[in-house]
Amino acid sequence: MKRVLVVDDASFMRMSISMMLKKHNFEIIGEAENGVEGVRKYKELKPDIVTMDITMPEMSGIEALKQIREYDPKANVIMITAMGQEILVREAVMNGAKSFLVKPFKEEQLINVFNKLLGV
Amino acid sequence: MAGQYGNEPMMEMFLFETSQLIEQLEQLIISCEKSDHYTEDTINEIFRIMHTIKGSSAMMMQDSITAISHSMEDLFYFLRENKQKVVDNSAISDLVLEGVDLIKEELEKLKNGEKADGNTSELQDRIKNFLSDLKVDTSSEAAAERKNLENEKQQYYLSMDKKKNDASKYKNAFKATIRYEEDCEMENIRAYTIVHNVYDITDEFFHIPENLIDDDESAKKIRQEGFQIYLKTDSSYEEVREFFMQTLFLKELKLDQIENSEYDQLRDAKKKITDKEKFISSKDFEEHSEGNKETQAMSLKQNVISVNMTKLDKLMDLVGEMVISEDMVIQNPDLKGLELENFQKAARQLQKISSEIQDIVMSIRMVPLSATFLKMHRIVRDMSKKLGKKVDLKIIGEETEVDKNVIEHISDPIIHLVRNAIDHGIEFPEERLEKNKPETGTVTLEAKNAGNDVLVIVKDDGRGLNKEKILKKARENGLLYKAEEEMSEREIYNMIFLPGFSTKDNVTEFSGRGVGMDVVVKNIETIGGSVSIDSTPDKGSVITLKIPLTLAIIDGMNIRVGSSYYTIPTISIRESFKPQENDIFSDPNGNEMIMVRGQCYPILRLHELLKVKTDITRFNDGIITIAEQDERTVCIFSDELIGQQQVVVKALPEYIRRLNKTKALAGCTLLGDGSISLILDITGLANLKGLA
């Protein structure tokens, strides 16, 4: 089972993403509510894939992405974003985000991205 | 409250979190308004809140909430990017608070299982207009900057062009057309992802549309015509195809090999070379990432989980049942007269643990009043603005905790009292100055613990109650229950709580609405509390709500009348004794009275009042219990005392409540042997007798 870390400051989003993924047999091994925690949990849990919100307190998703990629250049990080954040998303892509999902996204979209990225 | 939106944990979480964020937002706005300044941190925080709400509501497909939070997000995005700008803070506060109200309404609809279908377009337009006005103001300053930026860009392009022209080292040329799945959104950025990755196979390429980031139209163009990328590379067709197939959200890929010459032609025709995005003012990025780092405003680390309220209610019920069954076991009639040392020991242990559980369950349900109190800032703000009065709200003891159910019942009454205080209590600034009072009135909201009760005090330094006016009104409405001259000041003031009483000459927008103080009293009484009032002309009024800490379990004294059992809350019992027949005398109206230590009390025969058959009607055979609540005393005559016990208060069933016109009953409970006991309402009994 592929192991996922969900980083988002909104517990609603964490819950939504986790529920969608669990249905498709992904294992949610951790959740984090800001960038700092996200980076820490990444190092601790070494997940196969991370979903990362961009706008978060303490440390933004982009900064967290940078730090995670620095620690593990092969990290699979998917950004969770919303309309209006084009420039931030571009920055994320430049910094090695594997893909991004634009809220509101559908379950299939999330799962497709996961499967494709993990080569399932 | 919770749980009625069924088993939709997502919806529940959405409502919970969004309501919390909205409340947080409201507080932020109000505190900013007070200091008349939006700090950078707060702007970031507000932006983040709106952003989160927008995202979550979009996921839940609540378009109205998404729309309104989106336009507010835009507004605060602008404010964040234009920090030095002087703006009309109060206009912003008004707009945002309107938005907050709208979202609240929509959330309320969702909570009630309705559709959130509010019309947001009007407010959206206003926010948009406000924003474009702001933008016009800044545009002149910005124009100069933009020009500089463009010049810089131009230079980059030139250098890039040069490099491109020199490079023609690749053998193969391809044309790829990529179409994305519908509603994958941000097609332009997705295309940019390809551009970013295509460096893995080549550095010679260009694409249409060429400006992927700054041109909002590019996403639309890609949606309609697909994203075209031309490249030269050493990789084979298969390899290039493999590369493009990795694209996420890919719907269709069309890959053709073309002649090198064709590539050059097309490129020259296009002239402008593609991958300049890479160079677009790296300055721009820095600003953004900085902006994000700043989004650090207060986020409390919480080590808590949220629990569905219905579960807590259930737990409370179960603990109640447990207390009852514990009594059933320990006081089981089968055990009577037996010497059971070990059993007694074990029973004591059980009692100890169960009372601990009870305490914990109670404390779980305790919530500080702060949220309710802080809401009042908004009310004070709105009202003082509308009425042109100057009012300060002072909050004391907001950390005081009460049961969650209690909070739900006292929130509306407090709002009503605060509104009343501002509307009718606090004078207009000129009037206050004439009276030698500070121009700004003060409304104080205070909470404190007092034994088993919590006191909530709403105090204002306004004009106070007008005795004459109250008496006049009472006369008009036939509410006088005794001679005017016999009434104490307090009794006169208390008349404003009577149903059908209202001194308002004209109903105002705020405290009118046809509900009077009687509704406040009713609400407080349903949870076993009481309301009292004190007032001094031109000094102000004080209204005190006395609220039980918790509703569910009380210490009670069980008494028997005939074959019925009643429970008196132990806390209100002063003493019980066997009366002597000759202590009793009658007053001129034939009421039976008893003299206790020089004080006369009328006697209330429970069997008469509640029409219960009993053999014990002579005072010598029964027992008298003196109970006191809210400075009112009653002497209750019953057959015998059964004993003290913790009882779980249950609401009276509807059909008894309808019969309970006398208000002598507060609730009911189950006794250890499974029989039902009715809980007496001491205040109700005292009122019944018209006793002071």
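One can find the structure itself at the top, above this paragraph.
K.L.:
So what's going on with the overall build of chain B? Residues and values would help.
P.N.:
Of regular secondary structure, chain B possesses 21 helices and 22 strands. Counting all 692 residues of chain B, 32% fall into the buried class. The long-range share in chain B, meaning contacts at least 24 apart out of those at least 6 apart in sequence, stands at 71%.

K.L.:
Which residues make up the overall build of chain A, and what values do they have?
P.N.:
Each helix and strand in chain A was counted, giving 5 helices and 5 strands. In sequence order, the secondary structure elements of chain A are arranged as β-α-β-α-β-α-β-α-β-α. Taking all 120 residues of chain A together, 58% fall into the buried category. Considering only contacts within chain A whose residues lie at least 6 apart along the sequence, 59% involve residues at least 24 apart.

K.L.:
Tell me about helix 1 (residues 11-23) of chain A, residues and numbers included.
P.N.:
Over its 13 residues, helix 1 of chain A runs 18 Å from end to end, which matches the ideal 18 Å to within 8%, given 1.5 Å per residue. Immediately beyond the C-terminal end of helix 1 of chain A, within one or two residues, lies Asn-25 of chain A, with a positive phi of roughly 65°.

K.L.:
Can you lay out the interface of chain A and chain B for me, pointing to particular residues and giving the numbers?
P.N.:
Contact with chain A, which involves 32 residues of that partner, is made by 33 residues of chain B. Of all the elements in the fold, those that place two or more residues in the side of chain A that touches chain B are helix 1, helix 3 (61-71), helix 4 (86-94), strand 5 (99-103) and helix 5 (107-118) of chain A. At 8 residues, helix 4 of chain A tops the list of elements feeding residues into the side of chain A that touches chain B.

K.L.:
Hey, could you go over the nonpolar core for me, with residue numbers and the actual values?
P.N.:
The biggest cluster of nonpolar side chains holds 74 residues, and the ones touching the most others in it are Val-50, Met-52, Val-77, Ile-78, Met-79 and Ala-92 of chain A. By residue number, the principal contributor to this core is helix 6 (residues 187-198) of chain B, which donates 6 residues. If we ignore the near neighbours within four places in the chain, the residues touching Ala-92 of chain A are Ile-54, Ile-62, Leu-65, Met-79, Ala-97 and Phe-100 of chain A.

K.L.:
Give me the sheet that holds strand 6 (residues 391-396) of chain B: which residues, what numbers.
P.N.:
Residues and elements named next belong to chain B. Taking strand neighbours across the sheet as the criterion, the 5 strands line up as 6-8-9-11-10 in an open arrangement whose pairing is mixed. Two strands lie at the open edges of the sheet, namely strand 6 and strand 10 (530-536), each paired on one side alone. Strand-to-strand twist in this sheet, taken as the mean axis angle between neighbours without regard to direction, amounts to 15°. Bridge analysis of strand 10 against strand 11 (residues 540-548) gives 7 bridges, and the strand direction is antiparallel. In the strand pairing of strand 11, Ser-532 is matched with Thr-544. The sheet strands contacting helix 14 (residues 404-425) are strand 6, strand 8 (441-450), strand 9 (453-460) and strand 11, and the helix crosses strand 9 at an angle near 20°. Where helix 18 (residues 517-526) meets the sheet, its contacts fall on strand 10 and strand 11, and the angle it forms with strand 10 comes to roughly 140°.

What counts and how
Residues numbered from 1 in each chain as written. Chains lettered and ligands numbered in written order. Predicted model: local features only at pLDDT ≥ 70, side-chain atom pairs only at ≥ 80, totals over all residues. Helix = DSSP H or I, 4+ residues; strand = E, 2+ residues; numbered from the N terminus. Buried ≥ 20, exposed ≤ 12 C-beta atoms within 10 Å, placed from the backbone. Contact = placed C-beta atoms within 7 Å. Expected span 1.5 Å × (residues − 1). Core = buried A, V, L, I, M, F, W, Y, C linked by C-beta atoms within 7 Å. Pairing = 2+ DSSP bridges. Axes fitted to C-alpha atoms, helices over the stretch in contact; angles between N-to-C directions.

Honestly, it's all geometry; don't read function into it.
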